[in-house]
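In case you want the letters, here they are:
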Amino acid sequence: MGVIEKIRPATKAMLAPAPELPRNQILRMDCIEAMRSLPDCSIDMVFADPPYNLQLGGDLLRPDNSKVSAVDDDWDKFASFAIYDKFTRAWLAEARRILKPNGSLWVIGSYHNIFRVGTAVQDAGYWILNDIVWRKSNPMPNFKGTRFTNAHETLIWASKSEKSKYTFNYRAMKTLNDELQMRSDWLIPICGGQERLKRNGVKAHPTQKPEALLYRIL
């Protein structure tokens, strides 16, 4: 005896084409608003380089009294930790919404912010896979001589959830590392020379990341 299955009529939502993603474009927008314009579960990977929230109290000078070009832009200034945390939770929530079920997140930071971000990452439901130490082979020295030279930044690599089947290109990582298993400490120079983008002879962005670091992450 045959079985007849009742076929539901197609709804408008079923017939509507998937939203077109803005490919090969730079969206010059507030990051949260830009992510809100993207559909759910549409992105394979998010790389985030959020503000450090350095809380600088004044100019940083070299021993010869020349001024150091520090991160003093308005986008890095927050009135309190609470406001910074609220911003962090907002962009992490949008990033998780647009990630595919097996997508992953990379976020980089310094000691000023990475611990607060790490807590928010776990609170948002991500599953941390590794923390990576980017050791800078040519870091800026500590001019005052009052602390250790800050020679690294920390990256958090996390999947969307504990059950995500995330992508890890093990073979490619090993090839990049002279056929040795890639470790979680990466020695890469900071961005400089011809790679450093400039506008009117001045650094276009104070925290531009080196291509070698981004290439390895991708």
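Look a little higher up for the structure.
What you see is a predicted model; the values in this text were computed from it and never measured.

Draft legend 1. How the structure looks around the pattern of salt bridges. By the definition in use, this model includes ten salt bridges. Asp40 serves as the salt-bridge partner of Arg97, at 2.5 Å between the closest nitrogen and oxygen. With Arg97 in helix α3 (residues 81-98) and Asp40 in the loop between α2 (31-36) and β1 (43-48), the pair connects residues that are 57 residues apart, well separated along the chain. Ionic pairing is found between Asp185 and Arg183, a salt bridge with its closest N-O pair at 2.8 Å. Within this structure, Glu33, Arg36, Asp40, Glu94 and Arg97 form a network of salt bridges that share partners.

Draft legend 2. Seen up close, the sheet that holds strand β2 (residues 99-109). Read from one edge of the open sheet, five strands run β1-β2-β4-β3-β5, paired in mixed fashion. Either end of the sheet is taken by a strand with one partner, and the two such strands are β1 and β5 (185-188). In this sheet, adjacent strand axes meet at a mean angle of 20° when their direction is disregarded. Here strand β3 (residues 127-136) runs beside β5; their pairing, made up of four bridges, is parallel. Residue pairing in the sheet places Trp134 in a bridge with Trp186 of β5. Lying over the sheet, helix α4 (residues 114-123) contacts β2, β3 and β4 (152-159), oriented at roughly 165° with respect to β2.

What counts, and at which threshold
- Residues numbered from 1 in each chain as written.
- Predicted model: local features only at pLDDT ≥ 70, side-chain atom pairs only at ≥ 80, totals over all residues.
- Heavy atoms only, no water.
- Salt bridge = Lys/Arg side-chain N within 4 Å of Asp/Glu carboxyl O.
- Helix = DSSP H or I, 4+ residues; strand = E, 2+ residues; numbered from the N terminus.
- Pairing = 2+ DSSP bridges.
- Axes fitted to C-alpha atoms, helices over the stretch in contact; angles between N-to-C directions.
- Contact = heavy atoms within 4.5 Å.

Fair warning: the whole summary comes from geometry, so function is off the table for now.
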